[in-house]
Every structure is written in C-alpha cells, then in structure tokens.
Amino acid sequence: ISVKGDKLKVEAFNELSSIRVYGTLDMETEECSFCVDCTDLAKFVKAVSDNDITIILEEKSMKLLHSKGECVFPIVPAKDFPESNVGAGDGVNPSFSLEGATLVRWIGYAKDFVSLDELRPNISGVYMYCQGGKIGFCATNQTNLITDEISTEEFADLNTSLIINYKAFASIVNVFKDADLVTISVGDNSVMLSSD
C-alpha cells in the first residue's frame, strides 16, 4: 500500500500476475509505503459492511477502524516489494480495448478448455489477438478447441497477440466483472489489463 497526499495505491503480486488499484482518501497525509498480508486484509474488508474505514498507521502495525470495531494488522517496510514495469520500458505496443463483459465471458468459456499442463505454457491459457480488424480468443487442451471473435474498425491496423495463463483467470474475472471497457497493453514480457 502506498499513500501520497490524498491518493492511495494498493498493489499485490503472486508468482504469475499482479493487481494495482487506486483510490482517494478523505484527507491528505504524509507519503509512505508499507506491506501488509493481502489475504487477511481482503477477508477483513469483505467482512466489513461500512463504506468508510479509517486507517491508523503505527510503527509496525496498521489499525483499521470501522463503525462496529477495529482490527490490527502487522506491516513491514515496502523497500523490497517488487515493482511492475509494464508500461515503463517494457516495450509496450499500442493497446486495444474491448467490453469487460466480453472479456469475462471469454475467460469463462476458456477455463473449461485450457490445458493445465505446466510444461506446455502455450496451451495453459487463453490466446488473445487483435489483428486484421478482429479481436478474438481461442483455448485448447489439444482435444477440444473454443474460439470467438468480434470485429473492430478502431483497431483495424493493430497486429498483436498474447497468452493469459489460466492461473490469472479468477483474478481477471473478479477485477473486470463490472468494467465497461478493458484496455489490454501487450509488452515484451508481460501484459497489462486496465479499466477505470
């Protein structure tokens, strides 16, 4: 978690993907960054039904206050937290966009067709492309194949493709299930999906 003025940035990484979400605080504060266990924090935030949560930082802990109580989480310095470099020197190509509902639907279809074989990363996910005026996907387990595509005039000159590993499917669906539009930026070694 990073705070600067009245801006809040929350980032999390696993072995394959990362997520970054931005928010606004009700007040300005000193610039700081720290790490907290994301699983415990997520369980707490889901369990609290308040719209407002107050964060109080202490030397080695973060206290979260809400209308019915509080919870304290240990924190550690953020100096060793990995930085994502997608969009900053990763050779990012031009981006393309599609409706969030379409992306979520495609991931939903693909999850039943991908291979779960770690030794075959090229079929352990969904292959997506934007080329020839079409945005599409396919997934296969070498026995069955599913594919779909949509026409696009806006990105007719773009020619790019990517593979999203099946381990990222649940996160993508969770993050973009209510997104109107998802922008996909393909880098040399990674891909960034973003929405408002």
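Each remark here, short or long, concerns the structure printed above.
What you are looking at is a predicted structure, and each value in this text was computed from that prediction instead of being measured.

1. Brief notes about the pattern of salt bridges
- Counted under the stated rule, the structure contains five salt bridges.
- A salt bridge links Arg 20 to Glu 11, with the nearest nitrogen and oxygen atoms 3.2 Å apart.
- On the basis of relative accessibility, which here comes to 13%, the residue Glu 11 falls in the buried class.
- Via salt bridges that share partners, Lys 9, Glu 11 and Arg 20 belong to a single interconnected network.

2. Considering a negative patch on the surface
- On the surface, Glu 99, Asp 178, Asp 180 and Asp 196 cluster together to form a negatively charged patch.
- Position of Glu 99 among the secondary structure elements: in strand 6 (residues 96–99).

3. Examining the pairing of strand 12 (residues 191–194)
- One ladder, built from four bridges, connects strand 11 (residues 181–186) with strand 12; its direction is antiparallel. Bridge pairing in strand 12 places Ile 184 opposite Leu 193.
- Taken together, strand 11 and the strand that follows it, strand 12, pair antiparallel across an intervening segment of four residues.

4. Examining the packing of aromatic side chains
- As enumerated under the stated definition, the model contains three aromatic pairs in all.
- Between the aromatic rings of Tyr 127 and Tyr 129, the centroid separation amounts to 6.0 Å while the plane-to-plane angle is 35°, which identifies the pairing as tilted.

5. Brief notes about the environment of Thr 54
- Here Thr 54 shows up in strand 3 (residues 54–57).
- Assessed through its relative accessible area of 43%, Thr 54 is described here as partly exposed.
- Sequence separation between Thr 54 and Asn 141 is 87 residues, and the spatial gap between their C-alpha atoms is 47 Å.
- When near neighbours in sequence (up to four residues on either side) are disregarded, Thr 54 contacts Lys 63, Leu 64 and Leu 65.

6. Quick notes on the nonpolar core
- One finds Phe 96, Leu 103, Met 128, Ile 164 and Ile 184 to be the most contacted residues of the largest nonpolar core, which totals 28 residues.
- Only strand 6, helix 2 (100–110), strand 7 (125–131), strand 8 (134–140), strand 10 (160–165), helix 3 (169–176) and strand 11 provide two or more residues apiece to this core.
- It is helix 2 that provides the largest number of residues to this core, a total of five residues.
- Those residues in contact with Ile 184 that sit more than four places away from it in its chain are Ser 95, Phe 96, Leu 98, Met 128, Leu 162, Val 191, Met 192 and Leu 193.
- In terms of nonpolar packing, the next biggest core, distinct from the first, is built from 12 residues, Val 3, Val 36, Val 48 and Ile 75 among them.

7. Details of unusual backbone geometry
- You will see that Gln 142, though not glycine, has its phi angle at about 75°, which is positive.
- Within the secondary structure, Gln 142 sits in the loop between strand 8 and strand 9 (145–151).

8. As for the sheet that holds strand 5 (residues 69–77)
- Taking strand neighbours across the sheet as the criterion, the five strands line up as 1-2-5-4-3 in an open arrangement whose pairing is antiparallel. In this open sheet, the two strands that pair with only one neighbour each are strand 1 (2–13) and strand 3. Between one strand axis and the next, the sheet turns through 35° on average, direction left out of account.
- With six bridges joining them, strand 4 (residues 61–66) and strand 5 adopt antiparallel strand pairing.

9. Some words on a nonpolar patch on the surface
- Together, Val 10, Ile 19, Val 21 and Val 175 give the surface a local cluster of nonpolar side chains, amounting to about 270 Å² of exposed area.
- Considering the arrangement of structural elements, one finds Val 175 in helix 3.

10. Remarks on the environment of Thr 143
- One can find Thr 143 in the loop between strand 8 and strand 9.
- For the pair Thr 143 and Val 114, spaced 29 residues apart in sequence, the C-alpha to C-alpha distance is 9.9 Å.

11. Points about the environment of Ala 12
- Topologically, Ala 12 is positioned in strand 1.
- What makes Ala 12 partly exposed here is its relative accessible area of 22%.
- Taking the C-alpha atoms as reference points, Ala 12 and Ile 56, separated by 44 residues in sequence, lie 20 Å from one another.
- Other than its neighbours up to four places away in sequence, Ala 12 contacts Ser 17, Ser 18, Ile 19 and Phe 81.

Here is what the cut-offs are and how they apply
- Residues numbered from 1 in each chain as written.
- Predicted model: local features only at pLDDT ≥ 70, side-chain atom pairs only at ≥ 80, totals over all residues.
- Heavy atoms only, no water.
- Salt bridge = Lys/Arg side-chain N within 4 Å of Asp/Glu carboxyl O.
- Buried < 20%, exposed > 50% of the residue type's maximum accessible area, 1.4 Å probe, protein only.
- Patch = residues over 30% accessible without salt bridge, like charges linked within 9 Å, V, L, I, M, F, W, Y side chains within 5 Å.
- Areas by Shrake-Rupley, 256 points an atom, 1.4 Å probe, with all protein chains shown as cover.
- Lys, Arg positive; Asp, Glu negative; His and termini not counted.
- Charge placed at Lys NZ, Arg CZ, Asp CG, Glu CD.
- Helix = DSSP H or I, 4+ residues; strand = E, 2+ residues; numbered from the N terminus.
- Pairing = 2+ DSSP bridges.
- Phe/Tyr/Trp six-rings, centres within 6.5 Å; stacked < 30°, edge-to-face > 60°.
- Contact = heavy atoms within 4.5 Å.
- Core = buried A, V, L, I, M, F, W, Y, C linked by side-chain atoms within 4.5 Å.
- Axes fitted to C-alpha atoms, helices over the stretch in contact; angles between N-to-C directions.

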